Amino acid sequence: MSAPRHPDRIVIMASIDDALHFSKEDRERIIASYPVHEREARVKGLPSIGSGRIFPVTEESITIEPFARIPAHWVHIIGIDFGWDHPFAAVHCVWDRDADVIYVTKIYRVSEQTPVFHSAAIRPWGDWIPVAWPHDGLQHDKGSGEELRSQYARNGLNMIHERATYPDGGNGVEAGIMDMLDRMQTGRLKVYSTCREWFEEFRLYHRVDGKVVKERDDLMSATRYAIMMMRYATHYKPDEDDYRYDENRRSANSTTGY
C-alpha cells in the first residue's frame, strides 16, 4: 500500500539482485526455493500476504504492457463496487473472445464522493460500455428514495438492467474468486502494468481462518463483477450521427475541414 509521504522519510526497495555478494547461480537457486506466491515479497521486497493469500500467482504471470490499440472486435465491460468510507472502485475490461482472455485496462478508486463525481470520472471510458454492479445498487437513497444504480444511470453510465450474477443466478464470492484464479493460472486474465492500485490490492488480498478479509478489496470486487457479467460485454457500435460525421469528413475540403 502507498504510505503517506513525509519530507524526513524515504522508502528504498531492494531486491535480491542488489545482493551482489551472491553469485548469479546462488540467486537463482534461492529464488527457486521460495513458493511461487511468496517470490515478490521475498525477492523484491514487495508487501504481500503469505499463507493466507487468495491469489497465489506471481505478478509477472498476469502483468502485460498496455496495447497501443485494442482490436475493434474485442468486447468491453466496466465493473463497479459501490463505496463511501471504503473506496468506490471501477475497472474497465476488454475480452478477446477468440482466445478467451480478459484484460484489465483501466482502474478508478476514490473515497467519499458522490455518484455524480464517480460517473463523470468513468464516463470518458465510453458511455456506451455496459456497467456491471453488485446487489447493493438496489438500495434506495434515504432522501430521494431513488435506487443507487439509477443515480449512476441518470448520470450517463450504461448500467446493466440486473445486478451482477452468473448465468445460473449465483453470485457467490468464492465462485468469483475461483473464476479469477483459474483465469490467472491459465493465462486468461491479464492486467495492464499501469494499474498500480490493482496490484496493491492483489498482493494484500487474503483470508483469515479461511474467510476472505473484506478490506482494501474494492478493485478486486469490481473485477469480479465485470467477469461475472462478461456475457453482457459489447463492442463499440457507431450510431447514425457517427456515420453521418464520417461521410461529411470524407467529402470535406482537405484544407478547411468542411
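Since we're looking at a predicted model, the values are computed, not measured.

**Q** What exactly am I supposed to notice about the overall build of the protein chain here?
**A** Along the protein chain, the regular secondary structure elements total nine helices and nine strands. Taking all 258 residues of the protein chain together, 42% fall into the buried category. Look at the contacts in the protein chain between residues 6 or more apart in sequence, and 65% of them connect residues 24 or more apart. Counting only carbon and sulfur atoms, one obtains 51% of the accessible surface of the protein chain, whose full area is about 14,800 Å².

**Q** Hey, could you run me through helix α7 (residues 196–204) in this one?
**A** Within an α-helix, residues lying three or four positions from one another point in the same direction, as the helix has 3.6 residues per turn. Across the nine residues that make up α7, a large majority, seven, are buried. Along α7, the residues classified as buried are W198, F199, E200, E201, F202, R203 and L204.

**Q** Would you explain unusual backbone geometry in this entry?
**A** When glycine is set aside, most residues are seen to have a negative phi, and most peptide bonds are trans. Notably, D209 is not glycine yet its phi reads approximately 55°, a positive angle. Tracing the sequence through the fold places D209 in the loop between β8 (207–208) and β9 (211–212). Overall, D209 belongs to the exposed group, its relative accessible area being 78%.

**Q** Explain the packing of helix α6 (residues 173–185) against helix α8 (residues 218–228) to me, please; I cannot follow it from the model alone.
**A** Each pair of packed helices can be described by the angle between their axes along with the distance between the axes. Viewed as axis vectors pointing N to C, α6 and α8 meet at an angle of 85°, and their least axial separation amounts to 10 Å. As judged from the angle between their axes, α6 and α8 are roughly perpendicular. Between α6, through V173, G176, I177, D179, M180 and R183, and α8, the contact on the second element is made entirely by M220, T223, R224 and I227. Across the contact of α6 with α8, the residue classes break down as five nonpolar, two polar and three charged.

**Q** In this structure, what is going on with the nonpolar core? I would like to understand it.
**A** One recurring pattern in soluble globular proteins: nonpolar side chains tend to sit buried together. Of all hydrophobic cores here, the largest spans 55 residues; its most connected members are F55, I80 and W198. At seven residues, α8 tops the list of elements feeding residues into this core. Setting aside its immediate chain neighbours within four residues, F55 contacts I177, M180, L181, M184, F202, Y205 and M220.

**Q** Looking at this model, I keep getting lost on the sheet that holds strand β1 (residues 63–64). Mind explaining?
**A** Backbone hydrogen bonds hold the strands of a sheet together, and the pairing may be parallel or antiparallel. Pairing in this open sheet of seven strands is mixed, and the strands run β1-β7-β4-β3-β2-β5-β6 from one edge to the other. At either end of the open sheet lies a strand with only one pairing partner, and these are β1 and β6 (158–159). The pairing of strand β3 (residues 88–96) with strand β4 (residues 101–110) spans nine bridges and is classified as antiparallel. Bridging across to β4, H92 finds its partner in K106. Against the sheet, α7 contacts β1, β3, β4 and β7 (189–192), and its axis sits at roughly 95° relative to β4.

**Q** Can you walk me through the pairing of β4 in this structure?
**A** A regular strand places its side chains on the two faces of the sheet in alternate fashion. Among the ten residues of β4, seven are classified as buried, and the element is accordingly described as predominantly covered. Two successive antiparallel strands, β3 and β4, enclose a turn made up of four residues, where D100 displays a positive phi of approximately 55°. The sheet contact formed by β4 and β7 spans three bridges and is parallel. Directly across from Y103, in β7, lies its bridge partner K190.

**Q** What should I look at first to understand the pairing of strand β2 (residues 75–81) in this one?
**A** The buried fraction of β2 is high, at seven of seven residues. Relative to β3, β2 runs antiparallel, the two being bridged by seven bridges. Note that in β3 the partner of D81 across the bridge is A89. Between β2 and β3, which follow one another and run antiparallel, lie six residues. With two bridges joining them, β2 and strand β5 (residues 130–132) adopt parallel strand pairing. Across the sheet, the residue bridging to I78 is V131, located in β5.

**Q** I'm lost on the state of the cysteines in this one. Help?
**A** Defined simply, a disulfide is a covalent bond joining two cysteines at their sulfur atoms. Counted under the stated rule, the structure contains zero disulfides. Cysteine C93 shares no disulfide, and the gap to the nearest cysteine sulfur, in C195, comes to 9.0 Å. Exposure remark for C93: the relative accessible area of 0% places this residue in the buried category.

Cut-off values and rules
- Throughout, a residue's number is its position along its own chain's written sequence, starting from 1.
- For a predicted model such as this one, the threshold for reporting local features is a pLDDT of at least 70, and the threshold for listing and counting side-chain atom pairs is 80 or more; totals across whole chains, interfaces and linings nevertheless cover every residue.
- Note that water and hydrogens are dropped before the side-chain values are worked out from all heavy atoms of the structure.
- Secondary structure elements follow DSSP: runs of H or I no shorter than four residues count as helices, runs of E no shorter than two count as strands, and numbering proceeds from the N terminus.
- Each residue is assigned to one of three classes by its accessible area relative to the maximum for its type, calculated with a 1.4 Å probe on protein chains only: buried under 20%, partly exposed between the two thresholds, exposed over 50%.
- Any two residues having at least one pair of non-hydrogen atoms within 4.5 Å are treated as being in contact.
- Here the accessible surface of atoms and residues is derived via Shrake-Rupley with a 1.4 Å probe, and residues count as covered only by protein chains that are part of the display.
- For helices, the fitted line uses only the C-alpha atoms of the stretch in contact; every axis is such a line through C-alpha atoms, and the angle between N-to-C directions lies from 0 to 180 degrees.
- When an angle is under 35 degrees it counts as roughly parallel; over 145 it counts as roughly antiparallel; between 65 and 115 it counts as roughly perpendicular; any other value is oblique.
- Classes in brief: Ala, Val, Leu, Ile, Met, Phe, Trp, Tyr, Cys and Pro nonpolar; Asp, Glu, Lys and Arg charged; the others, Gly included, polar.
- By convention a nonpolar core is built from buried Ala, Val, Leu, Ile, Met, Phe, Trp, Tyr and Cys residues, the set being connected through side-chain atoms within 4.5 Å.
- Following DSSP output, two strands are said to pair if at least two bridges run between them.
- We call a pair of cysteine sulfur atoms a disulfide when they lie within 2.5 Å.

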